[in-house]
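# Topology and contacts: notes
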Amino acid sequence: MDVNAAVAAAAAIAGVLTGVIAMLAFRWSEREQKRPTRTSLHTDPVLPPGVDTVLSVLRSSAVVLDEADAVVKASSAAYALGLVRGGKLAVEPMLQMARDTRRDGEIRQVELDLPRRGTGRGEALAVSARVAPLGSRLVLLLVEDLTEARRIEAVRRDFVANVSHELKTPVGALSLLSEAVMDASDDPEAVERFAGRMQIEATRLTSLVQELIDLSRVQNDDPLEDAEPVRVDELVAEAIDRCRHQAGTKEITMAAGGTADLHVWGNRGQLAAALGNLVENAVNYSPARTRVGIAARKVNAPGGEHIEIAVTDQGIGISDKDKERIFERFYRVDPARSRATGGTGLGLAIVKHVAASHGGEVTVWSAEGQGSTFTLRLPEAGVARDRAHQQPARQIRAGGAGLDEEAGRSTPTSPESTAYETLPAPEVLP
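These remarks concern the structure in this document. Keep in mind that this is a model prediction, so the values were computed, not measured.

### What about the sheet that holds strand β7 (residues 138–145)?
- The strand order across the open sheet formed by five strands is β2-β1-β7-β6-β5, and the pairing between neighbours is antiparallel. Each edge of the sheet is formed by a strand with only one pairing partner; in this case those strands are β2 (71–74) and β5 (108–115). Recorded for the sheet is a direction-independent mean angle of 25 degrees between the axes of neighbouring strands.
- Both strand β6 (residues 124–134) and β7 contribute to a ladder of eight bridges, which runs antiparallel. When the sheet's bridge partners are listed, V131 is paired in β7 with L141.
- Packing of helix α5 (residues 92–104) onto the sheet brings it into contact with β1 (61–65), β5, β6 and β7, and relative to β5 it is tilted by some 165 degrees.

So this is what it looks like as structure tokens:
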């Protein structure tokens, strides 16, 4: 009897211990499930309501950091700029700003120059970083890319400086020459000589002002608003007529050839000015008794058939260094020669903008001592007309992208591989 009682008591005690152990194990399991793990802190963060939605629509790069400086949330733009790498904020000045803001709760802002990822040319990204507290333990970092805005502002400053310089030169010359005329009023030969110089400077000033007006017009106007089919043969003939006197003075032969009866779609005046500038440059930069050729042909392109108008000269050529900048405003390969020919340095910039606004491009092949070939490529009339009807033409704005001065791309072709290989014999024009 005593043995049975002892066994029963032992069984009861064992049951109670088992129940207590099971209850403790259950509570420990519940506590472990509720405890946040290291992974959950970073992959499933808790943001204040609505913050995630706001960050997704911001144009700025956004990064949210927790109290351990780990990235809780980052926009794709932040990764693209290289701000976040391996789950950490990779820019030490921004990281220090975040720590200071977390400590005292003050909003901070600073502008920084960051190395550009993926390039070895030392180019820098200009950014504006702003840090603010987000709740009790999170910090929000907003980064705005200012690189393009700074580049455009620099182009504006250079443009204003160049215009001021270019205008000051002929105006100053006219002032000095007028004083010389007054001082030499009793010397008819001197008056005649100074008056001739005044006429040259006045002509140069008139050309500069006119080209500034033309450049402003092609930047702001939509050339396809009043577009029409334009015969390429007529554009070539008009460009040759424009330069006939200069070519005759230097005994330069101008030859026109290529495929006949081609049409492009666009503003006739702007297209004539662009091609005229190319032919005028070819004549001005060619030695005496050489040849300038203008040829047109139709080529197949991914966006449809295009018309190429190539202007080839036997001039001094352009170095590789200068080819990267010849489409910039006021840039001259040979400033002394430009002064002698009255060039303003705006002709190729106008050509570039006209080509871009018509959905085309201008390229250049050149070798020093072998001459140059400038090729104006434009969509054919039918392709361009259909494209214009489908969507509005892209305009070049004077205050924004229109000030873009990227270097003109050079085509890898050589004169032997241009349109002249397959074109019929050109018509030689005196």
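Once you've had a look at it, read on.
### As for the side chain of S60
- Inspection of the secondary structure assignment puts S60 in the loop between α3 (51–57) and β1.
- You can call S60 buried: its relative accessible area is 17%.
- Engagement of the side chain of S60 in a polar contact is seen with the side chain of E144, the distance being 2.5 Å.
- If near-sequence neighbours (up to four positions away) are discounted, S60 is found in contact with S75, V143 and E144.

### Digging into the packing of helix α8 (residues 232–249) against helix α9 (residues 268–284)
- Orientation of α8 relative to α9, taken along the N-to-C sense of each, is 40 degrees, at an axis distance of 8 Å. On the basis of the axis angle, α8 is oblique to α9. Two packed elements cross with a definite hand, and for α8 against α9 that hand is right-handed. Residues E234, L235, V236, E238, A239, R242, C243, Q246 and A247 of α8 lie in contact with α9, whose contacting residues are R268, L271, A272, A273, L275, G276, N277, V279, E280 and V283.
- Here the contact of α8 with α9 is composed, by residue class, of 11 nonpolar, three polar and five charged.

### Re the packing of aromatic side chains
- Here the structure, examined in full by the defined rule, presents one aromatic pair.
- Ring centres 6.4 Å apart and planes at 80 degrees place the aromatic pair F327 and F374 in the edge-to-face group. One end of the pair, F327, is in the loop between α10 (320–323) and α11 (335–341); the other, F374, is in strand β14 (residues 371–379), with 47 residues separating them in the sequence.

### Details of the side chain of H306
- Tracing the chain through its elements places H306 in strand β12 (residues 306–313).
- The residues contacting H306, other than those within four sequence positions of it, are R297, K298, V299, A301, R377, L378, P379 and E380.

### Observations concerning the packing of α9 against helix α12 (residues 347–357)
- Remark: α9 packs on α12, axes separated minimally by 9 Å, with the N-to-C direction vectors making an angle of 140 degrees. On the basis of their axis angle, the class for α9 and α12 is oblique. α9 and α12 meet at a crossing whose hand is left-handed. Where α9 abuts α12, its residues Q270, L271, A274, N277, L278 and N281 lie against G347, L348, I350, V351, V354 and S357.

### A look at the environment of E305
- Mapping E305 onto the fold places it in the loop between β11 (291–299) and β12.
- Distance in space between the C-alpha atoms of E305 and P379 is 6.4 Å, their sequence separation being 74 residues.

Parameters and conventions
Residues numbered from 1 in each chain as written. Predicted model: local features only at pLDDT ≥ 70, side-chain atom pairs only at ≥ 80, totals over all residues. Heavy atoms only, no water. Pairing = 2+ DSSP bridges. Helix = DSSP H or I, 4+ residues; strand = E, 2+ residues; numbered from the N terminus. Axes fitted to C-alpha atoms, helices over the stretch in contact; angles between N-to-C directions. Contact = heavy atoms within 4.5 Å. Buried < 20%, exposed > 50% of the residue type's maximum accessible area, 1.4 Å probe, protein only. Polar contact = N/O pair within 3.5 Å; in protein donor to acceptor, adjacent residues only side chain to side chain. Parallel < 35°, antiparallel > 145°, perpendicular 65-115°, else oblique. Left-handed = near helix turned anticlockwise from the far one by under 90°. Nonpolar A, V, L, I, M, F, W, Y, C, P; charged D, E, K, R; others polar. Phe/Tyr/Trp six-rings, centres within 6.5 Å; stacked < 30°, edge-to-face > 60°.

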